[in-house]
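Understanding the architecture of this molecule
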Amino acid sequence: SQLFIKDLHFDGVPVRIYLPREPSASKRRGVIFIHGGCGIFGSIRSYERICRYIARKSDSVVVSVGYHLAPEHKYPAQTLECLAATVRFLKTAETYGVDPTRIIVCGDSVGGTFTASVCQELGQRTDIPKIRAQVLIYPFLQALNFNLPSHQKNAAIAFLSQERTVHFILKYLNKDCSLKKPILAGSHVPESINLKYRKWLNPDLIPDVFKLGYKPPLPTLFLPQAHEEVQELFEPWFSPLLAEDAVVCGVPDTCIITCEHDVLRDEGLLYKKRLEDNNVRVTWHHMEKGFHG
């Protein structure tokens, strides 16, 4: 009763817009919400309650993006659709009573991945309004190292275990699940790439309080065939943590939410450090009793 709700398409991408009914004296804020679900499940409908809640509680216009799911729609279709919907809303915000300079992008899990990618992609553009901020809710940000302290600590945690994380990645990319074991071991990453990204993807960068009981993994044998099969994992669109500094420094103010009982916790911590090192303003919330999903 407090919201107008409309289903539309932004450049072919299904979206649902939640507009507060109460008239506003000035233009409202806008929220682009990108749902999670590993890129293979989740929908506008499954995030209906949270989007209504955000619209009501923040008195904002919320755009929920219904990107098409993999593997039927191949990567990177999901990122491209989130990007297209975001650009369209930035360009047409005033049509919906929104101030184009006060729009944030928000996403959970892989929705956080798409959010990070969209903000990296648009950070350098001058032909559209700047995104005001990004909110990354326990985002997935890298696919090189599945033996960070949070992976070890939460390896068998409910819903998103260490093994299921890689399983979902392979399903998303429509790859053979026999690759799961070498990827979990890190055998898909050549030494040259490990050396290149060690400055950003390194357990030494994680605060000691999050490393209790952590055991550095033993060196593994590099498997060229596994590496060739999963080239997508090394692209910043798939692993936003690997983007160059010139890109990272252009992202907007950021809020990162991490959960203690989550395999992806450390990716949020590492991205937080990367952003701070590039003079991006970061707000961080850590949920001590939180878990993924």
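Nothing here was measured: the structure is a model prediction, and the numbers come from that model.

1. Some words on the pairing of strand S1 (residues 3-10)
When S1 meets strand S2 (residues 13-20), the two strands line up antiparallel, connected through 8 bridges. Note that in S2 the partner of aspartate 7 across the bridge is arginine 16. The antiparallel hairpin formed by S1 and S2 contains 2 residues in its connecting segment, where aspartate 11 sits at a positive phi of about 50°.

2. Description of the layout of surface pockets
Size it by volume and the largest pocket reaches roughly 650 Å³. What lines the largest pocket is a set of 25 residues, among which Asn145, Asn194, Arg198, Pro217 and Leu218 lie closest to the centre. Broken down by element, the residue count for the lining of the largest pocket peaks at 4 residues, all from helix H7 (residues 191-197). Of the residues in the lining of the largest pocket, the class split is 16 nonpolar, 7 polar and 2 charged. Roughly 470 Å³ of volume is contained in the second largest pocket. Residue lining of the second largest pocket: 19 residues in total, with Val31, Ile54, Ser58, Ile104 and Cys106 positioned closest to the centre. Elements with a minimum of two residues in the lining of the second largest pocket: strand S3 (28-34), helix H1 (48-58) and strand S5 (98-108).

The rules behind these values
Residues numbered from 1 in each chain as written. Predicted model: local features only at pLDDT ≥ 70, side-chain atom pairs only at ≥ 80, totals over all residues. Heavy atoms only, no water. Pairing = 2+ DSSP bridges. Helix = DSSP H or I, 4+ residues; strand = E, 2+ residues; numbered from the N terminus. 1 Å grid on protein atoms, 1.4 Å probe; cavity = no way out; pocket = protein on both sides within 12 Å on 5 of 7 lines; lining within 4 Å. Points joined across faces, edges and corners; volume = space filled by probe spheres on them. Nonpolar A, V, L, I, M, F, W, Y, C, P; charged D, E, K, R; others polar.

Treat this as a map of the structure, not an account of what it does.
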